[in-house]
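# Coordinate inspection notes
Each chain, letter by letter, is given below.
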Amino acid sequence: MQHRPSFRFFEPLLYRGRFYKESCQSVVLSRGGSDVRPFAYSTPRLAEEGQVFLPLPFRHEGLSALARMREHAAPLGEIQERLGVEAGQEAAFHAFFTEQAPVRAERFAGPGVRVRYFGHACLLIESRDVTVLVDPSISYEYPTELPRFTFADLPERIDYVLITHGHGDHINLETLLQLRHKVGTVVVPHSSSGMADLSLKLLLRAIGFPRVMDLDELESIELPGGRILGLPFLGEHADLDVRAKLVYLVQLEGRSVLAASDTNCLEPRVYEYLREDVGALDALFLSMESEGAPMSWGYGHMFTSPLPRKMDQARRLNGANFARAAPLVDLLGPKRVYNYSMGLEPWLGHVMGLAYTATSPQILESDKFIAYCRERGIHAERPFARLELNLG
Ligand SMILES: [Fe+2]
Ligand SMILES: [Fe+2]
């Protein structure tokens, strides 16, 4: 168009050719005894006392078998062999296991819908018939003053995992690999196949998820007693054509929850048009990522020359601020508003790499937003660590 050339990018070939090196993948097992961990994207990792290094591709089925052992006992020798644990690592490996039977989480039996906030952007939405987990980032159990939901609080089976977008705090491979054995279908946003818009479907299939489906805007999945509807996710795109982002409306048993993630209400008219599709909303979960990362953090490597600083700053990956979030509340009229996905939980420090104070712009914007909702008689809060919500 406009007599300008463009690229045709054959993304599936990326996973077949010499650029996809599974030898770059490996797993480190260690005991979770603290919320403080090294930043997730600092590699390579050097061996530490008590850790077990497994040079395995993420798709390796032994990793699912290991995760399954949280709930179902299996012989230690068998899993050790399957994972190829070396002789020198045996003692460290055995220290991860116990002969004590786990306490099973009871399945939600209704009536209505239960929503559990597992921290940051992770929500478990359950009816008596369906279990949906959004943006899984699950914490683990250890003696701590800060109670939270952990892997032990997940049901035996998760019907749908919904991924809102490809940022590390929303598509957490560490958690996903530990859930692979119990997930029915992973739902991801449809991408445009552009070079700056990587397909999450191809990525998850390559790492061993057999059932991944992509959903486009206004497409839905029928559920027993409801549906999942994909809605537009604006913002956080650094002015690039990034489409692999979706907001999910989960409707079950006549209740309705919108996991709006890091969306930015850049054009309120979009939501004006969608108001009828959304209908009555029991709970709106929305982030306030008003100061996103500079463009170069996500996309700098795709430019043929370094980004001028002015561009890098002007095209930040911003989510909503108060002024952008308020119209969403006015247009959709939710009964409850939760300003989630704020990176507050200490156990996600290794992914978020940030620490807010009471005067951080994100928190100031969030405070204004919550006050705005409350003035309108809407229940509003900023959840921290854990929260349970029973709808109906
Ligand atoms: Fe994001
Ligand atoms: Fe986020």
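Below: a short report on this structure.

So, how was this worked out
Residues numbered from 1 in each chain as written. Chains lettered and ligands numbered in written order. Predicted model: local features only at pLDDT ≥ 70, side-chain atom pairs only at ≥ 80, totals over all residues. Heavy atoms only, no water. Pairing = 2+ DSSP bridges. Helix = DSSP H or I, 4+ residues; strand = E, 2+ residues; numbered from the N terminus. Axes fitted to C-alpha atoms, helices over the stretch in contact; angles between N-to-C directions. Phe/Tyr/Trp six-rings, centres within 6.5 Å; stacked < 30°, edge-to-face > 60°. Buried < 20%, exposed > 50% of the residue type's maximum accessible area, 1.4 Å probe, protein only. Parallel < 35°, antiparallel > 145°, perpendicular 65-115°, else oblique. Left-handed = near helix turned anticlockwise from the far one by under 90°. Contact = heavy atoms within 4.5 Å. Nonpolar A, V, L, I, M, F, W, Y, C, P; charged D, E, K, R; others polar. Donors = N, O, S within 2.8 Å, 3.2 Å for Na, K, Ca; no water. Tetrahedral: all angles 85-135°; square planar, octahedral: opposite > 155°, others 65-115°. Core = buried A, V, L, I, M, F, W, Y, C linked by side-chain atoms within 4.5 Å.

### Thoughts on the sheet that holds strand β15 (residues 379-381)
Here we have seven strands laid out as an open sheet, ordered β9-β10-β11-β12-β13-β14-β15, and mixed in their pairing. Only two strands of the sheet have a single neighbouring strand rather than two, namely β9 (220-223) and β15. Sheet twist, expressed as the mean angle between neighbouring strand axes with direction ignored, is 15°. Pairing of strand β12 (residues 255-259) with strand β13 (residues 283-286) involves three bridges; the strand directions are parallel. Looking at β13, one finds that Val257 is bridged to Ala283.

### A short note on the sheet that holds strand β7 (residues 183-189)
The mixed open sheet is built from seven strands, whose spatial order is β8-β7-β6-β5-β4-β3-β16. At either margin of the open sheet sits one strand with a lone partner, and together these are β8 (212-215) and β16 (387-391). Averaged over all pairs of adjacent strands, the angle between strand axes in this sheet comes to 20°, irrespective of strand direction.

### Some points on the packing of aromatic side chains
Inspection of the entire model under this criterion finds nine aromatic pairs. Geometrically, the ring pair formed by Tyr15 and Tyr20 is tilted, given 5.0 Å between the ring centres and 55° between the ring planes. A relative accessible area of 23% means that Tyr20 is categorised as partly exposed. With 5.5 Å between their ring centres and 85° between their planes, Phe39 and Tyr41 make a pair best called edge-to-face. For Phe39, a relative accessible area of 36% puts it in the partly exposed group. Note on Tyr41: relative accessible area 52%, which makes it exposed.

### Observations regarding the packing of helix α10 (residues 322-332) against helix α12 (residues 361-375)
Packing of α10 against α12 brings their axes to within 9 Å, and their N-to-C directions diverge by 25°. Comparing their axes, α12 and α10 come out roughly parallel. As α10 packs across α12, the resulting crossing turns out to be right-handed. Where α10 abuts α12, its residues Phe322, Ala323, Ala325, Ala326, Val329 and Asp330 lie against Glu365, Lys368, Phe369, Tyr372 and Cys373. Looking at side-chain class alone, the contact of α10 with α12 contains eight nonpolar, no polar and three charged residues.

### Topic: the coordination of the iron ion (ligand 1)
The iron ion (ligand 1) binds to the protein through His165 (NE2), His167 (ND1), Glu236 (OE) and Asp262 (OD); the donor distances cover 2.2 to 2.3 Å. Here the iron ion (ligand 1) binds four donor atoms, and the angle range of 91 to 169° at the metal identifies the geometry as irregular. Separation of the iron ion (ligand 1) from the iron ion (ligand 2) amounts to 3.4 Å, with Asp262 serving as a shared donor to the pair. One end of the pair, His167, is in the loop between β6 (158-162) and α5 (173-179); the other, Asp262, is in the loop between β12 and α7 (268-278), with 95 residues separating them in the sequence. Look at Asp262 and you get buried, because its relative accessible area is 4%.

### Describing the coordination of the iron ion (ligand 2)
Those protein atoms acting as donors to the iron ion (ligand 2) are Asp169 (OD), His170 (NE2) and Asp262 (OD), and they sit at 2.1 to 2.3 Å. Written as a sequence motif, the donor residues of the iron ion (ligand 2) are D-H-x91-D.

### Some points on the pairing of strand β11 (residues 246-252)
Most of β11 is tucked away, with seven of its seven residues classed as buried. By the alternation rule, side chains of β11 split into Leu246, Tyr248, Val250 and Leu252 and Val247, Leu249 and Gln251, which are all buried. Relative to β11, strand β10 (residues 226-232) runs antiparallel, the two sharing seven bridges. If you follow Leu229 over to β11, its bridge partner there is Leu249. Here β11 folds back onto β12, and the loop between the two strands holds two residues, one of which, Glu253, carries a positive phi near 50°.

### A short note on the nonpolar core
Grouped together as the largest cluster of nonpolar side chains are 37 residues, with contacts concentrated most on Leu54, Leu83, Leu154, Val186 and Leu204. Leave out the neighbours within four places in its chain, and Leu154 touches Ala105, Phe118, Leu124, Leu133, Ile138, Leu179 and Lys182. With 32 residues, the next largest nonpolar core counts Ala260, Tyr271, Leu284 and Cys373 among its residues.

### Comments concerning helix α2 (residues 61-68)
With six of eight residues buried, α2 lies mostly within the body of the structure. Every buried residue of α2 is accounted for by Gly62, Leu63, Ser64, Ala65, Leu66 and Ala67. On its buried side, α2 packs onto β1 (27-29), β2 (52-54), α3 (76-83), α4 (90-94) and α5.

### Observations regarding unusual backbone geometry
Between Thr43 and Pro44 the backbone carries a cis peptide bond, its omega angle lying at 0°. Tracing the backbone shows Pro44 in the loop between β1 and β2. With an omega of 0°, the peptide bond between Gly110 and Pro111 qualifies as cis. Positive phi outside glycine occurs at Ser341, with the angle close to 55°. You can see Ser341 is positioned in the loop between β14 (336-339) and α11 (349-352).

### Examining the packing of α2 against α3
A packed helix pair is summarised by two numbers, namely the angle formed by the two axes and the spacing between the axes. Across the interface, α2 lies against α3 with an axial gap of 9 Å and an inter-helix angle of 150°. As summarised for this structure, α2 and α3 are arranged roughly antiparallel, according to the angle between their axes. As α2 packs across α3, the resulting crossing turns out to be left-handed. Residues Glu61, Gly62, Leu63, Ala65 and Leu66 of α2 form the contact with α3, whose participating residues are Ile79, Arg82 and Leu83. For the contact of α2 with α3, the class distribution of residues is five nonpolar, one polar and two charged.

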